[in-house]
Amino acid sequence: MREEKGIFYRIDWLVVGLYLALVFIGWLNIYAAVYNETHNHIVDLTQKYGKQMIFIIAAMLLAMGILIIDPKFFSQFAWFIYGFFLFLLVVVIFSGREVAGSKGWFAIGGFGVQPAEFAKMATVLALAKYLGTLDVSLARFRSLVIASAIILVPAVIVLLQHDTGSAIVFLALVIVLYRAGITGFIPLAFIVLPVLGILALVVPKLILAGLLLAIAGVFYFFSNRKLRSIMIISMVFLGSVAFIFSIDFAVNKILEPHQRNRIHVLLGQDVDLKGAGYNVNQSLIAIGSGRFFGKGFLQGTQTKYNFVPEQSTDFIFCTIGEEWGFLGSAVLLILYMSLFIRVILMAERQRSRFSRFYGYGLASILFFHFAINIGMTLGLVPVIGIPLPYVSYGGSSLWAFTILLFIFIRQDSYRYDLV
Amino acid sequence: MERIYADRKYIIIGFFLLIGLLYLVRLFYVQILVDKYILSANNNVLRYVTQYPARGLVFDRTGKLLVYNEAAYDLMVVPRQVKNPDTMALCHLIGIDKAEFINRLERARAFSPYRPSIFEAQITRDSYGFLEEKLFLFPGFYVQPRTLRKYTYPVAAHAFGYIGEAGPDVIEKNPYYRSGDYIGINGIEKSYEETLRGKKGMKIRVFDVLNRDKGSFRDGKYDTTSVAGTDLYSSLDAELQEYGELLMTNKKGSIVAIEPQTGEILCVVTSPSYDPNLLAGNIRKKNYTKLLQDTVFVPLFNRALMAMYPPGSTFKLVDALVGQQEGVLFPETSYGCPGGFPLGNGKKVGCHPHPSPLDLIGAIQISCNSYFCRVFKSIIDKKSYLSTRQAYESWRKEVMSFGFGKKLGIDIPGELNGNIPTPTYYDKYHGKNRWRSMTIISLAIGQGEIGITPMQLANQAALISNRGWYYTPHIIRAIGRKDSLNKAYSTKNRVLVDQKYFDVVIEGMANVITNGTGKIAKIDSITMGGKTGTAQNPHGKNHSIFIAFAPVQNTKIAISVVVENAGYGAAWAAPIASLMIEKYLNRVVKRKDLEESMTSGNLINGKQPESERGKGNILPD
């Protein structure tokens with residue numbers, strides 16, 4: 001056993017370093033976001049940066065705890081953990097506390113804990129467990145249904161808590177399915193359909209339908225012109241047309257008014273800068289006013305004087321953009337990109353299928369949070385309230401992302417011992 | 001089986017990098033390529049708070065404070081910050097009811113929820129004291145100090161003018177002014193606006209999203225300080241001005257007094273007038289409308305500068321001077337007066353009974369119409385001129401050198417030109433070259449189309465006492481320091497009549513007082529020259545006019561008095577001028593009876609008390 005060499009043996013210090021850098025950047029900017037002259041002591045527990053300090057210390061302890069747990073525990077207890085968190089997700093609907101319109105919080109002591117954050121970890125575990133089973137092949141319809149169900153069941157329950165943002169995050173796991181071998185059309189559809197939907201809201205529908213017909217024509221021209229190909233092309237075409245004609249209905253009837261507004265804001269159709277467009281506009285103002293070098297630590301006026309709402313949580317990137325400028329923002333993007341790519345490369349070096357799919361699950365969830373959160377502050381994605389991993393203020397999300405990452409680091413450090 | 005899909009890691013990594021790159025490009029665009037966000041950021045947090053300097057003060061010639069500033073307080077509200085206020089308490093403090101409170105709050109909110117609006121303008125000093133203590137109870141409300149113009153003496157309203165918010169036309173033309181700034185609208189407040197206003201300063205403050213002041217921007221590095229307005233030293237004598245307004249109670253007309261050696265205006269009374277405090281601050285609009293609608297007293301009309309009168313017999317002095325200058329009149333020139341001056345068509349310019357014939361001094365002394373008609377006729381018909389027109393043009397040029405028929409250029413806005421008719425006017429009226437000296441003979445006795453303002457009349461008295469020159473009258477003698485004279489008024493204007501011709505006229509004017517048409521004005525202790533006048537008024541009773549200067553040697557005051565619808569110059573104008581001279585030179589008036597009868601005389605509401613003065617003293621002129 002190589003365990004004798006200590007629990008820190010073969011840990012991937014690069015990924016731990018990236019993690020620590022992000023956590024530090026997060027704390028620094030939470031401090032800047034809520035900084036004021038009267039509360040400037042760094043361990044003031046009445047202030048968010050004081051609390052975040054506690055959250056970070058707790059996260060470190062959790063990380064070390066995970067590093068001493070037997071790595072086999074997670075694959076063996078994957079279903080149990082999944083079941084446990086599904087149970088909590090249901091319980092919280094009935095007994096939870098309502099925060100900002102979503103009933104997803106348990107009140108423990110003075111803090112709120114959000115099971116949905118941990119359910120992501122549980123779902124990744126369960127999905128990896130299922131896909132890691134030797135006889136599972138996504139080419140089979142039954143396996144596809146089960147794998148989809150593992151993802152969708154918690155997503156639907158979270159949706160019932162009125163936490164649309166967290167529910168959408170589960171869909172990121174389609175990347176895992178893609179890596180596990182489902183047809184590329186499905187993840188492609190995840191990218192194409194939103195684009196098509198947005199086009200349908202902006203471009204007149206008949207023109208868009210004509211455009212689709214032209215594209216279908218091009219496909220037909222280059223296809224082998226067998227009946228099967230013609231059928232597929234026709235069905236995709238008809239499906240797309242049906243989709244663009246039903247998008248209005250979807251936007252107007254299914255989405256809630258505030259979500260509808262956010263889409264209008266994104267499309268530039270809502271210029272009410274004091275109403276629904278306020279957040280994004282102020283966010284862009286804060287980031288844009290940072291210029292190349294930024295205004296300097298604690299010098300950001302837009303964030304310090306609360307022009308940007310939710311600036312320590314969902315809009316924390318504004319503080320970074322304003323105070324650290326393009327330079328600092330670019331460094332942060334590079335840190336994230338390095339983390340994602342490092343996790344994927346680590347996943348690829350796993351010998352166990354469970355560990356590999358777990359790694360992909362981790363990368364998918366982190367990437368999705370990153371893309372939605374920063375895309376939102378840059379006005380590229382509708383406002384969806386999900387945190388920036390490791391950087392945003394909040395105990396639940398920091399702990400959940402820490403556990404998610406360190407389970408993988410633990411698996412990775414153990415990779416040679418599994419045969 | 002599974003290995004086939006290992007290549008997909010490149011697609012996934014590629015997708016991640018693509019999004020990362022997209023965001024990097026977007027950041028570059030937002031942070032570096034476009035400017036609008038940094039501009040909006042500054043708009044968000046920076047407020048340019050104007051520092052208003054104190055407006056300059058105005059003192060009178062004896063050093064008394066005339067115009068000063070008093071702090072006033074506006075109660076401001078930022079609707080967004082208003083939280084469950086104790087409505088009733090606040091209503092009670094500023095004296096409004098709850099409906100009005102809600103109404104005002106809604107109006108402020110409609111303007112802007114985040115920006116301050118005036119909730120109650122110029123709250124009283126008492127409620128301010130009380131409010132200041134309680135204001136923390138009413139979040140969203142604060143008090144903004146302002147300055148209000150105040151006047152120590154309720155006099156000289158037209159000369160002071162008033163200030164008010166700069167209108168859109170001013171703001172458009174002059175970049176100094178912003179909406180809400182004050183600007184002088186009339187009087188010296190207008191003509192000395194740039195001196196009085198000083199220079200605004202600018203403080204840049206940082207505000208948070210709830211519009212709370214977070215301190216100065218970059219420690220005040222970009223702030224500019226305001227420069228206080230410059231004080232003005234007026235040549236007005238506040239006591240004389242006040243006395244003049246008292247004498248003119250219930251009369252229409254004006255009194256203008258000038259110090260001849262300097263051109264400094266000692267008083268400029270126009271009546272009816274109003275208390276200048278009525279047009280200061282938030283009561284201005286209401287009072288202005290009221291004053292504007294008063295068609296009986298017309299208190300906003302500045303008669304001293306804007307009323308034109310035919311000068312009547314006071315113009316005979318001009319005839320006397322121009323006649324000598326033209327060489328057609330000599331002190332010993334003597335004309336007889338057969339009760340008038342025959343016009344040749346059976347009509348005549350009438351004259352009152354008096355000894356005849358008279359020399360120049362005698363003619364001035366008893367104001368003979370015939371004498372000056374002959375003088376005027378001899379000027380216009382002088383042989384050396386080729387035509388009536390040429391003679392008239394020469395006459396007109398000399399007359400206008402007295403400051404008539406054109407703006408004097410005084411430092412109070414609004415003065416009129418007056419009118420010395422042009423030859424073209426007579427051409428139009430009578431036909432080209434179809435007018436002769438006899439056609440325009442009424443000019444000789446200051447009647448007809450000729451129009452002169454009270455200011456010009458006073459200046460005439462001043463320039464005669466100076467023997468042929470005058471400084472342009474002005475009401476501000478010094479700017480900034482008491483002893484620094486107003487440089488704009490340091491040029492002597494010379495009349496086109498030689499100095500030597502004045503002595504005889506002055507002697508005639510002295511005789512007017514000692515034993516002539518103006519003897520009612522006589523003061524035993526003071527030598528004086530004067531001339532009565534009566535302006536014919538086609539709309540009613542004639543206007544009483546008097547000009548004078550005193551003492552005759554080393555003159556200290558030259559004065560013109562016009563009392564409308566008051567009859568002969570000796571009836572009202574002369575005694576008033578006399579009282580003014582006594583007041584100015586002796587500082588006390590001993591002739592209380594005369595003072596009382598002048599003060600109590602009411603010439604506006606019809607009642608015309610017969611004064612106790614002997615009728616023999618009021619001679620026609």
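Rules used in this analysis
- Residues numbered from 1 in each chain as written.
- Chains lettered and ligands numbered in written order.
- Predicted model: local features only at pLDDT ≥ 70, side-chain atom pairs only at ≥ 80, totals over all residues.
- Heavy atoms only, no water.
- Helix = DSSP H or I, 4+ residues; strand = E, 2+ residues; numbered from the N terminus.
- Rg over C-alpha atoms; globule rule 2.2 N^0.38 Å.
- Buried < 20%, exposed > 50% of the residue type's maximum accessible area, 1.4 Å probe, protein only.
- Areas by Shrake-Rupley, 256 points an atom, 1.4 Å probe, with all protein chains shown as cover.
- Phe/Tyr/Trp six-rings, centres within 6.5 Å; stacked < 30°, edge-to-face > 60°.
- Lys NZ or Arg CZ within 6 Å of the ring centre and 35° of its normal.
- Patch = residues over 30% accessible without salt bridge, like charges linked within 9 Å, V, L, I, M, F, W, Y side chains within 5 Å.
- Salt bridge = Lys/Arg side-chain N within 4 Å of Asp/Glu carboxyl O.
- Pairing = 2+ DSSP bridges.
- Axes fitted to C-alpha atoms, helices over the stretch in contact; angles between N-to-C directions.
- Contact = heavy atoms within 4.5 Å.
- Expected span 1.5 Å × (residues − 1).
- Parallel < 35°, antiparallel > 145°, perpendicular 65-115°, else oblique.
- Left-handed = near helix turned anticlockwise from the far one by under 90°.
- Buried area = accessible area lost by both parts, 1.4 Å probe.
- Polar contact = N/O pair within 3.5 Å; in protein donor to acceptor, adjacent residues only side chain to side chain.

Trainee: Which parts of the structure should I look at to understand the overall build of chain B?
Mentor: Helices and strands together make up the secondary structure of chain B, namely 21 helices and 20 strands. Taken against the 2.2 N^0.38 rule, which gives 25 Å for 621 residues, the C-alpha radius of gyration of chain B at 34 Å runs more than 25% over that of a compact globule. Expressed along its principal axes, the backbone C-alpha trace of chain B runs to roughly 145 × 55 × 45 Å. Every one of the 621 residues in chain B was classed for burial, and the buried ones make up 55%. For chain B, the accessible surface area stands at approximately 27700 Å², while carbon and sulfur atoms represent 53% of it.

Trainee: Explain the overall build of chain A to me, please; I cannot follow it from the model alone.
Mentor: Scanning chain A from terminus to terminus reveals 17 helices and 3 strands. A globule of 419 residues ought to have a C-alpha radius of gyration of about 22 Å, and chain A, at 23 Å, matches this closely. Viewed in the frame of its principal axes, chain A has a C-alpha envelope of about 70 × 60 × 45 Å. Expressed as a percentage of the 419 residues in chain A, the buried residues total 55%. For chain A, the accessible area works out to roughly 18400 Å², and carbon and sulfur atoms hold 71% of it.

Trainee: Can you walk me through the packing of aromatic side chains in this structure?
Mentor: By convention here, two paired aromatic rings are described through the distance between centres and the angle between planes. Scanning the entire structure with this criterion turns up 50 aromatic pairs over all chains. Plain terms: the ring middles of Tyr19(A) and Phe406(A) are 5.1 Å apart, the flat faces sit at 80° to each other, and that makes the pair edge-to-face. Of the two residues, Tyr19(A) sits in helix 1 (residues 13-34) while Phe406(A) sits in helix 17 (residues 395-413), which places them 387 residues apart along the sequence. For the pair Tyr19(A) and Phe406(A), a shared accessibility class is recorded, and that class is buried. Ring geometry for Tyr336(A) versus Phe370(A): centroids 5.1 Å apart, planes at 45°, classification tilted. Taken together, the residues Tyr336(A) in helix 15 (residues 316-348) and Phe370(A) in helix 16 (residues 353-377) connect sequence positions 34 residues apart. Taken as a pair, Tyr336(A) and Phe370(A) share a single burial class, namely buried. The ring of Tyr243(B) carries the charged tip of Lys583(B) above its face, separated from the ring centre by 5.5 Å.

Trainee: So what exactly am I meant to see when it comes to a nonpolar patch on the surface here?
Mentor: All names here are of chain A. Together, Leu152, Val156, Leu160, Leu171, Phe185, Ile186, Leu188, Phe190, Ile191, Val192, Val195 and Leu199 make up a nonpolar patch on the protein surface, roughly 1000 Å² of accessible area in all. Counting only elements with at least two residues in the nonpolar patch, the list comes to helix 6 (141-160) and helix 9 (185-202). Tallying contributions element by element places helix 9 first for the nonpolar patch, with 8 residues.

Trainee: Whenever I open this one, the sheet that holds strand 9 (residues 213-216) of chain B confuses me. Can you help?
Mentor: Whenever strands of a sheet pair, they do so through backbone hydrogen bonds, lying parallel or antiparallel. Residue and element names in this part refer to chain B. The 3 strands lie next to each other as 1-8-9, forming an open sheet whose pairing is antiparallel. Only two strands of the sheet have a single neighbouring strand rather than two, namely strand 1 (46-51) and strand 9. Each strand of the sheet is rotated relative to its neighbour by a mean of 40°, with strand direction disregarded. With 2 bridges joining them, strand 8 (residues 201-207) and strand 9 adopt antiparallel strand pairing. Note that in strand 9 the partner of Arg205 across the bridge is Ser216. The strands touched by helix 2 (residues 36-45) within the sheet are strand 1 and strand 8, with strand 1 carrying the most contacts at an inclination of about 55°.

Trainee: What am I meant to see in the pattern of salt bridges here?
Mentor: Two side chains that carry opposite charge are able to pair once their charged atoms sit near each other. For the structure on display, the rule yields 32 salt bridges over all chains. With a closest N to O distance of 3.6 Å, Glu393(B) and Arg389(B) form a salt bridge. Within this pair, Glu393(B) and its partner Arg389(B) are both found in helix 16 (residues 388-400), separated by 4 residues, close to a single helical turn. For Glu393(B), a relative accessible area of 38% translates into the label partly exposed. Ionic contacts of the salt-bridge type, sharing partners, join the residues Asp12(A), Arg342(A), Arg349(A), Asp412(A) and Arg415(A) into one network.

Trainee: How do you make sense of the environment of Leu22(B) when you look at a structure like this?
Mentor: Residues and elements named next belong to chain B. Inspection of the secondary structure assignment puts Leu22 in helix 1 (residues 8-33). On the accessibility criterion, Leu22 (46% relative accessible area) is partly exposed. In this structure, the C-alpha to C-alpha distance between Leu22 and Arg80, residues 58 residues apart in sequence, is 39 Å.

Trainee: So what exactly am I meant to see when it comes to helix 1 of chain B here?
Mentor: Since the α-helix turns once every 3.6 residues, residues separated by three or four places project in the same direction. Here helix 1 of chain B spans 36 Å end to end across 26 residues, near enough to the 38 Å set by a 1.5 Å rise per residue. Those residues of helix 1 of chain B that fall on the buried side of the exposure criterion are Arg8(B), Lys9(B), Ile12(B), Ile13(B), Phe16(B), Ile19(B), Gly20(B), Tyr23(B), Arg26(B), Leu27(B), Val30(B) and Gln31(B). Buried residues belonging to helix 1 of chain B abut helix 8 (174-180), helix 13 (278-288), helix 15 and helix 16 of chain A together with helix 2 of chain B.

Trainee: Please explain the pairing of strand 19 (residues 543-550) of chain B as it appears in this structure.
Mentor: Side chains on a regular strand alternate between the two faces of the sheet. Residues and elements named next belong to chain B. Burial within strand 19 is extensive, with 8 of its 8 residues counted as buried. Where burial is concerned, the two faces of strand 19 agree: the one with His543, Ile545, Ile547 and Phe549 and the one with Ser544, Phe546, Ala548 and Ala550 are both buried. Pairing of strand 18 (residues 529-535) with strand 19, which is carried by 7 bridges, proceeds in the antiparallel orientation. The residue of strand 19 that forms the bridge with Lys531 is Ile547.

Trainee: I'm lost on the packing of helix 1 of chain A against helix 2 (residues 48-68) of chain A in this one. Help?
Mentor: Packed helices, taken two at a time, are described by the angle their axes make and the gap between the axes. Residues and elements named next belong to chain A. Across the interface, helix 1 lies against helix 2 with an axial gap of 9 Å and an inter-helix angle of 165°. The angle between helix 1 and helix 2 falls in the class roughly antiparallel. Between helix 1 and helix 2 the crossing geometry is right-handed. Contacts between helix 1 and helix 2 involve Tyr19, Leu20, Val23, Trp27, Ile30, Tyr31 and Val34 from the former and Lys48, Tyr49, Gln52, Met53, Ile56, Ala59 and Met60 from the latter.

Trainee: Mind showing me how you'd approach the sheet that holds strand 19 of chain B here?
Mentor: Residue and element names in this part refer to chain B. The strand order across the open sheet built from 5 strands is 12-11-20-19-18, with neighbouring strands paired in antiparallel fashion. On the outer flanks of this sheet lie strand 12 (264-271) and strand 18, each paired with one strand and no other. Across this sheet, the average inter-strand angle for adjacent strands is 5°, counted without regard to direction. Where strand 11 (residues 253-259) and strand 20 (residues 557-563) come together, 6 bridges link them in antiparallel fashion. Paired with Gly253 across the two strands is Val563, which belongs to strand 20. This element, helix 19 (residues 502-515), spans strand 18 and strand 19 of the sheet and lies at about 75° to strand 18.

Trainee: Looking at this structure, how should I read the interface of chain A and chain B?
Mentor: Accessible area lost upon the coming together of the parts is a frequently used measure of interface size. Contacts between the two partners involve 52 residues from chain A and, on the opposite side, 37 residues from chain B. For the pairing of chain A and chain B, the buried interface totals around 4000 Å² over both sides, and the portion due to carbon and sulfur atoms is 70%. Here chain A is connected to chain B by 1 salt bridge. Ionic pairing is found between Asp35(B) and Arg291(A), a salt bridge with its closest N-O pair at 3.1 Å. At the junction of chain A with chain B, the criterion picks out 10 residue pairs in polar contact (both at pLDDT 80 or more). Broken down by secondary-structure element, the contributors of at least two residues to the side of chain A that touches chain B are helix 8, helix 13, helix 14 (301-304), helix 15 and helix 16 of chain A. Here the side of chain A that touches chain B gets 13 residues from one element, more than from any other, and that element is helix 15 of chain A.

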